[in-house]
Amino acid sequence: MPRLIGERIMLREYQAEDIGPIRGWVNDVETTRYLATRFWPAQTMVDSQEFLSRMLQSSHNACNFVIADKEDGRYIGQLDLFRLDWRLRLGEIGMVIGSKEDRGRGYGTEALELLQRFAFLTLGLERLELEVHMENQQALRCYEKAGFTLEGVKRHAFYNDGHFSDLGMMSVIREDWEKRNPV
């Protein structure tokens, strides 16, 4: 997996040393509130080790990156491009910024911009998509700043904090990215 270098961060491969920072957020309710339901039960050390083991293996259907500090390689979060469909030239994105101290600092937006350049110019994808919980205003702002467009809303598609909430479908297509990023 190539390293993608930005102004303040880089997207790098997962490393065995990332287990500590991953364990630091994986059972934090505030961090996992809007993540996939697989995070609902408490994650054991074995769960985390199995996850990291999968991330350390290469796959032709995913590009898995750690969002890391450009200077020292410190783990900030992760940005995974999964469910790559080479025939349709699309990929789905999942992202988390692990530490509360690192949220709201623009790392997610910078990481998404690096990933888009890689996806459209190197991988030749046409479309990137993601799901976002409509209550997660911080994530919505991040995705919009990175060029994603809200395409629609799936009503009552997620159960969280004792009630159902809506999921938004967002995407960015190559044409829109090229308009924002003349090559």
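Rules behind the numbers
Residues numbered from 1 in each chain as written. Predicted model: local features only at pLDDT ≥ 70, side-chain atom pairs only at ≥ 80, totals over all residues. Heavy atoms only, no water. Buried < 20%, exposed > 50% of the residue type's maximum accessible area, 1.4 Å probe, protein only. Helix = DSSP H or I, 4+ residues; strand = E, 2+ residues; numbered from the N terminus. Right-handed = clockwise from strand over helix to strand, strands pointing away. Pairing = 2+ DSSP bridges. Polar contact = N/O pair within 3.5 Å; in protein donor to acceptor, adjacent residues only side chain to side chain. Contact = heavy atoms within 4.5 Å. Core = buried A, V, L, I, M, F, W, Y, C linked by side-chain atoms within 4.5 Å.

J.: Which residues make up the pairing of strand β6 (residues 127-133), and what values do they have?
T.: In terms of burial, β6 is largely enclosed, as six of its seven residues are buried. Traced from strand β5 (residues 90-97) through helix α4 (residues 107-122) to β6, the parallel crossover comes out right-handed. One ladder, built from seven bridges, connects β6 with strand β8 (residues 163-173); its direction is antiparallel. When the sheet's bridge partners are listed, V132 is paired in β8 with G168.

J.: I'd like a description of the side chain of E129, backed by residues and values.
T.: With respect to the helices and strands, E129 occurs in strand β6. For E129, a relative accessible area of 16% corresponds to the buried category. Here the side chain of E129 touches R127 through a polar contact of 2.8 Å, side chain to side chain. In this view, E129 contacts L90, G91, E92, I93, M169, M170 and S171; residues no more than four positions away in its chain are not counted.

J.: Could you give an account of the nonpolar core, naming the residues involved and the relevant values?
T.: If you look at the biggest cluster of nonpolar residues, it comprises 34 residues, and the most contacted ones within it are L11 and F148. Elements represented by at least two residues in this core include exactly β2 (9-12), β3 (63-69), β4 (75-85), β5, α4, β6, α5 (137-145) and β8. Ranked by residues supplied to this core, first place goes to α4 with eight residues. Setting aside residues no more than four positions away along its own chain, L11 makes contact with P2, R3, L4, F65, V66, I67, L79, A111, L114 and L115. Core analysis: the next-biggest nonpolar cluster, separate from the first, contains 13 residues, Y14, F51, A68 and V96 among them.

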